[in-house]
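# What the coordinates show
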Amino acid sequence: MDKATLLAHTRDTFWRILRPSMSLQAFLSRRVVTPEGVRPGAVVVEGKRIRDVVAQERVPAGAKVHDFGEMAILPGLVDSHVHINDPGRAEWEGFETATRAAAAGGYTLLVDMPLNCLPGTTTVSALEVKRAAARGRCWVDWMAWGGVVADNQEHIEALAAAGVAGLKCFLVHPGVDGFTMVTEEQLRAALPYVARTGLPLLVHAELPGPIDAATGQLSDCDWTRYQTYLQSRPDEAELCAIELLLSLCREYRFRLHIVHLATAKALSLLHVARNEGLPVSVETCPHYLHLAAETIPDGGTLFKGAPPIRGAENREKLWAGLCEGIIDLVATDHSPCPPEMKRLAEENFRTAWGGIASLSVGLPLMYTEARTRGFGLAEIARWMAESPAKLAGCHTRKGRIAAGYDADFVAFDTDREFVVSKDLLHYRHPVSPYLGEKLRGVVKATYLRGEPVYLDEEFQGDPRGVEHGRD
Ligand SMILES: [Zn+2]
């Protein structure tokens, strides 16, 4: 053995012996956001898991200490509604860029929608193609939703067995080819299979009838105006869809999840359904909670999403729905596209792609709005980490700062403000309706299983995210 080899051997042995104690870390903050509340403490991490949350003076000897001071430590956020578009439309987004934006935004787990990618995730073989596309390219962990389309009923239970977090369908045309909507008849054919899986069925709840009727009245209208687009997707489209879904839920007893609720008019229906004991959960998105139709400029197709952003009064009622627990969670519905599909030059709401990308700014958007309405970090952690993890069936490992959970968390500086700029977006095409806005709260660091993936505006190491399994 020569001298260099001996030296390397000795060093390896030294690290092997030392590693158990080296892997003990303590993350200190005056505001650790735990399920029991926000309090000063130290999150003690052993290897990849949280060992305990203790008083700061009880940090175990030998632990490597990271002191975040006044910055809050929240659980790593879980986004249960993301369109990564990979494989097949990776020029729209992609695993690497979406998960990079997620890491910069404080998210440590994304659940990917089954459409926009090609093939759509409607069979186990398509799921395997997606897994191959994701391998080695993710900055944070991910899971997949499986699709329910017009003709894949026989694949639903196999998708569940193969590990999808749950299932997703559309009651209206999803806007892309390769993933079909379902009619009531097709949905009925699928529901016995869905119910048997015990997994949630996420539904885009708008019915085509009211949309077609409204759009028919608007053919001569000016489609560069936001009001025209808003009128083309009336509240009734959501209301009728939700009424239908609740009656199907009563009949088939499947777990129903309404994605991106935009109309507050459905809250009373949903409240009654909850009281009746129906297994229904609801999400809304930062854009519905932050923006309002009254301030969207004509020609501003960056603000187009479906369902549309409605008025300011509606927005305040959505906040009330969150407060009352009728809305369970907030997901981004991050849905990017190549900039030319936003028809920015022609400013046409009719032909522009409907989707808003916001992964990297979801947390500051929510914090900025929540604090002015008297909500704090505990509520944000519940809406953006704990409840989405529960929906995705991974709530014993993700979404909380508690013993036994993955050491996923975000250090969040609530004292700082910043202006949204292109270089802070990090997803593939840095277009956003939020550019130029001043927001409160800066992600200082994001940790995935005990190691930083993003720290002081730099990505750390190589992509280490993996597919996460259901509990
Ligand atoms: Zn979506």
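Everything below is about the structure shown above.
Attention here is on the structure that accompanies the text. Quantities reported herein were computed from a predicted structural model and do not represent experimental measurements. (Residues numbered from 1 in each chain as written. Predicted model: local features only at pLDDT ≥ 70, side-chain atom pairs only at ≥ 80, totals over all residues. Heavy atoms only, no water.)

### Brief notes about the packing of aromatic side chains
Formally: Ring pairs are drawn from Phe, Tyr and Trp, using the six-membered ring of Trp, whenever the two centres fall within 6.5 Å, and their geometry is named by plane angle: stacked under 30 degrees, edge-to-face over 60, tilted for the rest. Only runs of H or I of at least four residues qualify as helices and only runs of E of at least two qualify as strands under DSSP, and these elements are numbered from the N terminus. Each residue's exposure class comes from its accessible area (1.4 Å probe, protein chains only) as a fraction of the maximum for that residue type: buried when under 20%, exposed when over 50%, partly exposed otherwise.
Taken as a whole and assessed by the stated rule, the structure comprises 16 aromatic pairs. Judged by centre distance (5.5 Å) and plane angle (50°), the rings of Trp 139 and Phe 459 are tilted. With Trp 139 in the loop between α3 (124-134) and β8 (141-144) and Phe 459 in strand β18 (residues 458-459), this residue pair connects regions lying 320 residues apart in the sequence. You can call Phe 459 partly exposed: its relative accessible area is 22%. Site record: aromatic cluster; members linked through ring pairs are Phe 27, Phe 68, Phe 409 and Tyr 447.

### Looking at the coordination of the zinc ion
Put simply, the test is: The donor set covers N, O and S atoms within 2.8 Å of the metal, switching to 3.2 Å for Na, K and Ca, and it leaves out water, so a site may look short of donors.
Here the zinc ion is held by His 81 (NE2), His 83 (NE2) and Asp 333 (OD), and the distances to it run 2.1 to 2.2 Å. Using a relative accessible area of 5% as the deciding quantity, one classes His 83 as buried.

### Observations regarding the side chain of Thr 97
Short version of the rule: Definition of a polar contact: a pair of N or O atoms within 3.5 Å, with one able to donate and the other able to accept a hydrogen when the atoms are protein atoms, and with sequence-neighbouring residues admitted only if both atoms are side-chain atoms. What makes two residues a contact is simply this: any of their non-hydrogen atoms within 4.5 Å.
Counting through the fold element by element, Thr 97 comes out in helix α2 (residues 95-105). Polar side-chain contacts of Thr 97 include one of 2.6 Å to the side chain of Glu 93. Sequence-distant contacts of Thr 97, that is, excluding residues within four places in its chain, are made with His 426, Tyr 427 and Arg 428.

### Some thoughts on empty space enclosed by the protein
Threshold: For cavity detection a 1 Å grid was placed over the protein atoms alone, and a set of points counts as a cavity when a 1.4 Å probe fits there but cannot get out; an open set counts as a pocket when protein lies on both sides within 12 Å along at least five of seven lines, with lining residues being those that have an atom within 4 Å of a point. Grid points are joined across faces, edges and corners, and a volume is the space filled by probe spheres set on the points. Note on residue categories: nonpolar means Ala, Val, Leu, Ile, Met, Phe, Trp, Tyr, Cys or Pro, charged means Asp, Glu, Lys or Arg, and polar means any other residue, Gly included.
By the definition in use, this model includes two cavities of 30 Å³ or more. Taken as a whole, the largest cavity holds about 80 Å³ of empty space. Lining the largest cavity are 13 residues, and of these Pro 336, Lys 342, Gly 355, Ala 357 and Val 431 sit closest to its centre. Along the lines of polarity and charge, the residues of the lining of the largest cavity split into eight nonpolar, four polar and one charged. A volume near 30 Å³ is recorded for the second largest cavity. Around the second largest cavity, the lining residues are Pro 75, Gly 76, Arg 397, Lys 398, Gly 399, Arg 400, Tyr 405, Asp 406 and Asp 408. When the residues that make up the lining of the second largest cavity are grouped by side-chain class, the tally is two nonpolar, two polar and five charged.

### Quick notes on the packing of helix α5 (residues 184-197) against helix α8 (residues 235-252)
Worth spelling out the cut-off: Where helices are involved, their axes are fitted lines through C-alpha atoms of the stretch in contact, as for all axes, and angles between N-to-C directions lie from 0 to 180°. Our angle categories are set so that under 35 degrees counts as roughly parallel, over 145 as roughly antiparallel, 65 to 115 as roughly perpendicular, and the remainder as oblique. What makes a crossing left-handed is the near helix being turned counterclockwise from the far one by less than a right angle; a clockwise turn instead makes it right-handed.
Where α5 contacts α8, the two axes come as close as 11 Å, and the packing angle between them is 40°. Here α5 is positioned oblique relative to α8, judged by the angle of their axes. At the point where α5 passes α8, the crossing takes the right-handed sense. Counted together, Glu 184, Leu 187, Arg 188, Leu 191, Pro 192 and Ala 195 of α5 and Leu 244, Leu 245, Leu 248, Glu 251 and Tyr 252 of α8 form the full contact between these two elements. Split by residue class, the contact of α5 with α8 holds eight nonpolar, no polar and three charged.

### Some details on α3
Defined as follows: In this description, one arc is meant: the one made by directions from the helix axis to the C-beta atoms.
Here α3 has its buried residues at Ala 126, Leu 127, Lys 130, Arg 131, Ala 133 and Ala 134. The arc enclosing the buried residues of α3, seen along the axis, measures out at 160°, which places them on a common side. Residue Gly 136 follows α3 closely and has a positive phi angle near 75°.

### Quick word on unusual backbone geometry
With an omega of 5°, the peptide bond running from Asp 86 to Pro 87 counts as cis. Along the chain, Pro 87 falls in the loop between β6 (77-82) and α2. A cis amide bond, omega 0°, links Leu 118 with the succeeding residue Pro 119. Mapped onto the secondary structure, Pro 119 falls in the loop between β7 (107-112) and α3.

### Here's the deal with helix α9 (residues 267-275)
All of the buried residues in α9 are Leu 267, Leu 270 and Ala 273. Axial view of α9: buried residues confined to an arc of 125°, hence all on one face. Facing away from the buried surface of α9 by more than 90 degrees, the exposed residues are Ser 268, Val 272 and Asn 275. The inward-facing, buried residues of α9 contact α8, β12 (255-258), β13 (280-284) and α11 (312-324). Immediately beyond the C-terminal end of α9, within one or two residues, lies Gly 277, with a positive phi of roughly 95°.

### What to know about the state of the cysteines
Formally: Throughout, a disulfide means two cysteine sulfur atoms within 2.5 Å of one another.
Tallied over the entire structure, the rule returns zero disulfides. Of all cysteine sulfurs in the structure, the one in Cys 117 sits closest to Cys 138, which takes part in no disulfide; the separation is 13 Å. Given a relative accessible area of 0%, Cys 138 falls into the buried group. You can see Cys 337 has no disulfide; the closest cysteine sulfur is in Cys 117, sitting 16 Å from it.

### Here we look at the layout of surface pockets
Approximately 690 Å³ is the volume found for the largest pocket. Taken together, the elements giving at least two residues each to the lining of the largest pocket come down to β10 (167-170), α6 (208-216), α7 (226-232) and α10 (286-290). The element best represented in the lining of the largest pocket is α6, accounting for four residues. In terms of residue class, the lining of the largest pocket is made up of 14 nonpolar, 14 polar and six charged.

### A look at the sheet that holds β13
Quick reminder of the rule: By definition, two strands form a pair when at least two bridges between them are found by DSSP.
The six strands are arranged β9-β10-β11-β12-β13-β14 in an open sheet whose pairing can be described as parallel. Edge positions in the sheet fall to β9 (146-147) and β14 (329-330), since each has one partner strand and no second. As judged from the three bridges shared by β12 and β13, these two strands associate in the parallel manner. Bridged to His 257 within β13 is Ser 281. The strands touched by α8 within the sheet are β11 (200-204), β12 and β13, with β12 carrying the most contacts at an inclination of about 165°.

### Quick notes on the nonpolar core
Inclusion rule: For this analysis, a nonpolar core means a set of buried residues of the types Ala, Val, Leu, Ile, Met, Phe, Trp, Tyr and Cys, connected via side-chain atoms within 4.5 Å.
Counting 111 residues, the largest nonpolar core has Leu 201, Ile 258, Leu 261 and Leu 270 as the members making the most contacts within it. The element contributing the most residues to this core is α8, with eight residues. Aside from chain neighbours lying at most four places away, what touches Leu 201 is Val 148, Leu 167, Lys 168, Cys 169, Leu 187, Leu 191, Val 194, Phe 254, Arg 255, Leu 256 and His 257.

### Side note on the sheet that holds β8
Strand order in this open sheet of three strands is β6-β7-β8, and the pairing throughout is parallel. Edge positions in the open sheet fall to β6 and β8, since each of these has one partner strand only. With strand direction ignored, the average angle separating the axes of adjacent strands in the sheet is 20°. In this structure, β6 lies alongside β7, joined through four bridges in parallel fashion. If you follow Leu 77 over to β7, its bridge partner there is Tyr 107. Relative to β6, helix α13 (residues 377-391) is tilted by about 55°, and along the sheet it contacts β6 and β7.

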